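Each chain, written out:
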Amino acid sequence: LDSEAHAESKNFKDTSDHLQTTELAFWAVLHGAFELAYLLWERSDTPLRDALLLQQCCQLLLKHKQRRQPRELMEAEGRFCKAALGVLEHLPDQDTARGILQSNNSKRSTLGTPNGEAVSNLNLAIMNKNKDFVAHRYCQGIADDMWLGKTEHGGRLRMKAKTSLIWLVAQVLLPFFNFIHLTPNELYRPRISGSPPTPDTDPTPSERQIGTTAALNPTAMERARSIWYIPLLKVVVQFTTQAVFTAVTILMSFRQLCGPLEAADYFFFWYLLAYLLQEIQQARYDLRTWLQNSYNYLDAVVLTLLFVCAILRILLIDPPMEEATDFVDWLNQQTSGWLRPVPNEAAIDVILDSNLCGWSLRMELLRTLLALAVIFLFLRLTEYLVFSFSVGVLWISVIQMAVNNIGTWLPLILIWSCGFGFAFNILAPGYQLDGSPGPMRLGYTFELDVSASGPIAASFWAIFGFFEPAMIAAAPGSAFLTPFFFAVHLLIALVLYTNLLIAMFNDTYNVVMDKADEVWKLNRVLKLKSFIALYVVPAPINVPFLLYDACYVGITWCCGGARSAKVAAVGGPPYSPVSAGRHARVSADFHESTVSIKPSPFGKVSTRARLVIKKHENPLSRSQHATSTDESAERHARSAFIAAAREQKRQELKTERAVVRIEEKLRLVAASLHSSTDVGGGTGGGGDSVSSSSGDRCGGGGGGGSSSCSRRHGCAGSVSDAM
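Everything numeric in this text was worked out from a predicted model, so none of it was measured. (Residues numbered from 1 in each chain as written. Predicted model: local features only at pLDDT ≥ 70, side-chain atom pairs only at ≥ 80, totals over all residues. Heavy atoms only, no water.)

Draft legend 1. Spatial organisation of the side chain of glutamate 383. Checked against the element boundaries, glutamate 383 lands in the loop between helix 19 (361-380) and helix 20 (389-427). Setting aside its immediate chain neighbours within four residues, glutamate 383 contacts Asn293, Tyr295 and Lys527. (Helix = DSSP H or I, 4+ residues; strand = E, 2+ residues; numbered from the N terminus. Contact = heavy atoms within 4.5 Å.)

See the structure below:
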């Protein structure tokens, strides 16, 4: 085996004795025996998961630098992708598909996942960004229900159907009124108040019964609380809070950035802390989902910039007095005047308003970082464009163009423009734009002008149209051929490089549009997982709730560690503090009660401990029966798909044979017509007399016979052309 290829596929390794067929299938893929791998897949116990993992294995091998058989790998990847979709397509209904796609109780749930974590088939496809699989109607149907709140992470109630944005906003603003139709959430699982939500797990039958019973008669307060768990309403709330945070940041940027702190500054610091805690909670809930969302990286950048700005704002309570008027003037003073020998008269004559702070290095850094943060905050709002298909696909195209095309094209134009920029500095060292503060040189003896209005920068500004040929020709000391150099530069930069970039954009746009539906649906599902992981209380009012949760989890861990020995002595498994922190839930006795037990934080831990013992002593055969039923339905769908594929292949072969027989008959007819035409032409006058004798049938005389031969010749020619 190739060691690197084997290392890339190590996540597929499973030492279970029941997975020999699956292991052999991966072994066959690694050795290039793709037909054998497909035959082994046809005999696997979990065909849907195995098809997804074999497809991912082919993708990893295709990304390998020393890959072999790339064409065969692409064909095998497409074949396993078609197999996964075929099994999914032949499932009987949506409910069966939901059980197979969302269950993680199977013995194969840890196959292909890092750290042996149990992951459902749908989550595995989302992790691997399998666009075709996630775009299937069964997967999208599950996603639609989850957007409406039909998930074990939701509240007691969920939305019955989609509604307009106006009613969603009204329901968020007035939660005690009924603007949307709510119905009980069948998958509701009671949670301890204050405990963080848990990753995807299947609700037990007892928990399903508790959730359904509790959701039938909700109080007004329970109804108001339940709507905050619905992902679709979380979108409205999160967009509102981010828009408000962006507005607050902009308002803070236009206030006086020095002097004593005021109430508005403290409010901004509080909002910033709430934003940070929200990101920490979301990453703690599901780090893998957090890392898959590129907007979370943007959040990290924004938080870093704004926290640095907050520190600088505190340091500017007593601003230092600087004699410089800007950053270049400050650098010029630090270098004893050799950076800009000519005084900046325009900056010296500026009279600053009394409400503005003077210039300082801290103020310069604060304004720069605030400007970057504002740009990123507005870019952050583009995340919500994914909910519109037409706009979302265009935004995906923009991202692909920026990342793939501009990143590839930019080095070419930079090298070309830098070369001509230094050439312009040699040809016209005294060139400056009108109204510029003057040149900025790297020393008294260097004529290299690195200012934004000098000849080097002119080669870049000219690409965007900020250039007048007469100005560079009239610059002091300009060479005679300087305008000609500029013409050559613009010819290549504007005509060649710009059109090359447009062609790359066009190719990327066509690629994205070919898979627009699948790409949009995958991004929509990724956003769904992000909003499920989002804390139910929005910023900035989430700070006390998150602090309470942190304190409660800490107390639960400590108390859970103290009680583990008692649980083990009774006969149950040791009580794990991690289990208490991550999987703690308010549940009742499996056989006696359906009412949530909430005595005290210590009482909750004791209830959880007794629940662990009962689970250990009384395994739920119903869950195992449901799992076996799902696996049976999955194998039946695989058999139906294989039968349909074989029937389709049989029909294709039958059609090909029929086409071959028809072509052979046409070839024989064409050959006979050609031979009869040649015989008629060889008899000379005899042929004409025969045609004349049949003139009554052909239209009379020699002309009729000539017309008949022409028709026969034309028919033979047309058949020959068709062949």
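Draft legend 2. Up close: the side chain of glutamate 42. Turning to its location among the elements, glutamate 42 is positioned in the loop between helix 3 (34-41) and helix 4 (47-63). You can call glutamate 42 buried: its relative accessible area is 14%. In contact with glutamate 42, other than residues within four places in its own chain, are Arg638, Ile642 and Arg646. (Buried < 20%, exposed > 50% of the residue type's maximum accessible area, 1.4 Å probe, protein only.)

Draft legend 3. Broad picture of the packing of helix 14 (residues 263-285) against helix 24 (residues 516-533). In the contact formed by helix 14 and helix 24, the axes pass within 9 Å of each other and the chain directions differ by 110°. In this view, helix 14 runs roughly perpendicular relative to helix 24, as classed from their interaxial angle. By crossing handedness, the relation of helix 14 to helix 24 is classed as right-handed. Counting all contacts with helix 14, which are made through Gln281, Gln282 and Tyr285, the residues of helix 24 involved are Ser530, Ile532 and Ala533. Its residues placed into classes, the contact of helix 14 with helix 24 shows three nonpolar, three polar and no charged. (Axes fitted to C-alpha atoms, helices over the stretch in contact; angles between N-to-C directions. Parallel < 35°, antiparallel > 145°, perpendicular 65-115°, else oblique. Left-handed = near helix turned anticlockwise from the far one by under 90°. Nonpolar A, V, L, I, M, F, W, Y, C, P; charged D, E, K, R; others polar.)

Draft legend 4. Layout of a nonpolar patch on the surface. On the surface, Leu165, Val169, Leu173, Leu174, Phe176, Phe177 and Met221 cluster together to form a nonpolar patch covering roughly 730 Å² of accessible area. With three residues, the top contributor of residues to the nonpolar patch is helix 10 (residues 165-173). The class for phenylalanine 176 is exposed, based on a relative accessible area of 54%. (Patch = residues over 30% accessible without salt bridge, like charges linked within 9 Å, V, L, I, M, F, W, Y side chains within 5 Å. Areas by Shrake-Rupley, 256 points an atom, 1.4 Å probe, with all protein chains shown as cover. Salt bridge = Lys/Arg side-chain N within 4 Å of Asp/Glu carboxyl O.)

Draft legend 5. Local environment of the packing of helix 13 (residues 231-253) against helix 19. One can describe the packing of helix 13 onto helix 19 by two numbers: an axis separation of 10 Å at closest approach and a directional angle of 160°. The orientation of helix 13 relative to helix 19 falls into the category roughly antiparallel. The two elements helix 13 and helix 19 meet at a crossing, and its hand is left-handed. Only Leu370, Val374, Leu377, Phe378 and Arg380 of helix 19 make contact with helix 13, whose side of the interface consists of Gln242, Phe245, Thr246, Thr249, Ile250 and Ser253. When grouped by side-chain class, the residues that make up the contact of helix 13 with helix 19 number six nonpolar, four polar and one charged.

Draft legend 6. How the structure looks around unusual backbone geometry. In this chain, alanine 539 is followed by proline 540 through a cis amide linkage whose omega measures 5°. Relative to the helices and strands, proline 540 resides in the loop between helix 24 and helix 25 (543-570). One non-glycine residue, lysine 129, lies in the positive phi region at around 55°. With respect to the secondary-structure elements, lysine 129 resides in the loop between helix 7 (121-127) and helix 8 (131-134).

Draft legend 7. Quick look at the pattern of salt bridges. Applying the stated rule across the entire model yields 18 salt bridges. Residue lysine 515 is joined to aspartate 132 by a salt bridge in which the shortest nitrogen-to-oxygen separation is 3.2 Å. In this pair, lysine 515 is assigned in the loop between helix 23 (482-514) and helix 24 and aspartate 132 in helix 8, connecting sequence segments 383 residues apart. Look at lysine 515 and you get partly exposed, because its relative accessible area is 35%. Here arginine 158 makes a salt bridge to glutamate 186, at a shortest N to O gap of 3.2 Å. With arginine 158 in strand 1 (residues 157-159) and glutamate 186 in the loop between strand 2 (182-184) and helix 11 (205-216), this residue pair connects regions lying 28 residues apart in the sequence. Counted as one network, the salt bridges with shared partners bring together Arg255, Glu262, Asp265 and Arg313.

Draft legend 8. Up close: the nonpolar core. Counting residues in hydrophobic clusters, the biggest one holds 73 residues, and the most contacted among them are Val29, Trp41, Phe80, Leu101 and Phe133. With residues up to four places along the chain from it excluded, the contact list for tryptophan 41 reads Pro47, Asp50, Ala51, Leu54, Phe80, Ala83, Val87, Arg638, Phe641 and Ile642. One finds Phe268, Leu305, Leu306 and Val543 within the second-largest nonpolar core, a separate group that totals 27 residues. (Core = buried A, V, L, I, M, F, W, Y, C linked by side-chain atoms within 4.5 Å.)

Draft legend 9. Representation of helix 4. Taking 1.5 Å per residue as the helical rise, helix 4 with its 17 residues ought to reach 24 Å, and the 24 Å between its terminal C-alpha atoms agrees with that figure. Taking burial as the measure, the 17 residues of helix 4 include 14 buried ones, the bulk of the element. (Expected span 1.5 Å × (residues − 1).)

Draft legend 10. Fine view of the packing of aromatic side chains. If you walk through the whole model with that rule in mind, you get 23 aromatic pairs. The interplanar angle of 55° and the centroid separation of 5.1 Å between the aromatic rings of phenylalanine 245 and tyrosine 271 together place this pair among those described as tilted. Here phenylalanine 245 is found in helix 13, whereas its partner tyrosine 271 is found in helix 14, with 26 residues between them in sequence. Its relative accessible area of 2% is what places phenylalanine 245 among the buried residues. Aromatic side chains tryptophan 416 and phenylalanine 420 sit 4.8 Å apart centroid to centroid with 40° between the ring planes, which places their arrangement in the tilted category. Of the two residues, tryptophan 416 and phenylalanine 420 both sit in helix 20, four residues apart, roughly one turn of that helix. By relative accessible area, which is 24% here, tryptophan 416 ends up partly exposed. For phenylalanine 420, a relative accessible area of 13% translates into the label buried. Among the aromatic residues, those joined into a ring-pair cluster are Phe245, Phe267, Phe268, Phe269, Tyr271 and Tyr275. Stacked on the ring of tyrosine 38, the Lys or Arg arginine 79 has its end atom at 3.8 Å from the ring centre. (Phe/Tyr/Trp six-rings, centres within 6.5 Å; stacked < 30°, edge-to-face > 60°. Lys NZ or Arg CZ within 6 Å of the ring centre and 35° of its normal.)

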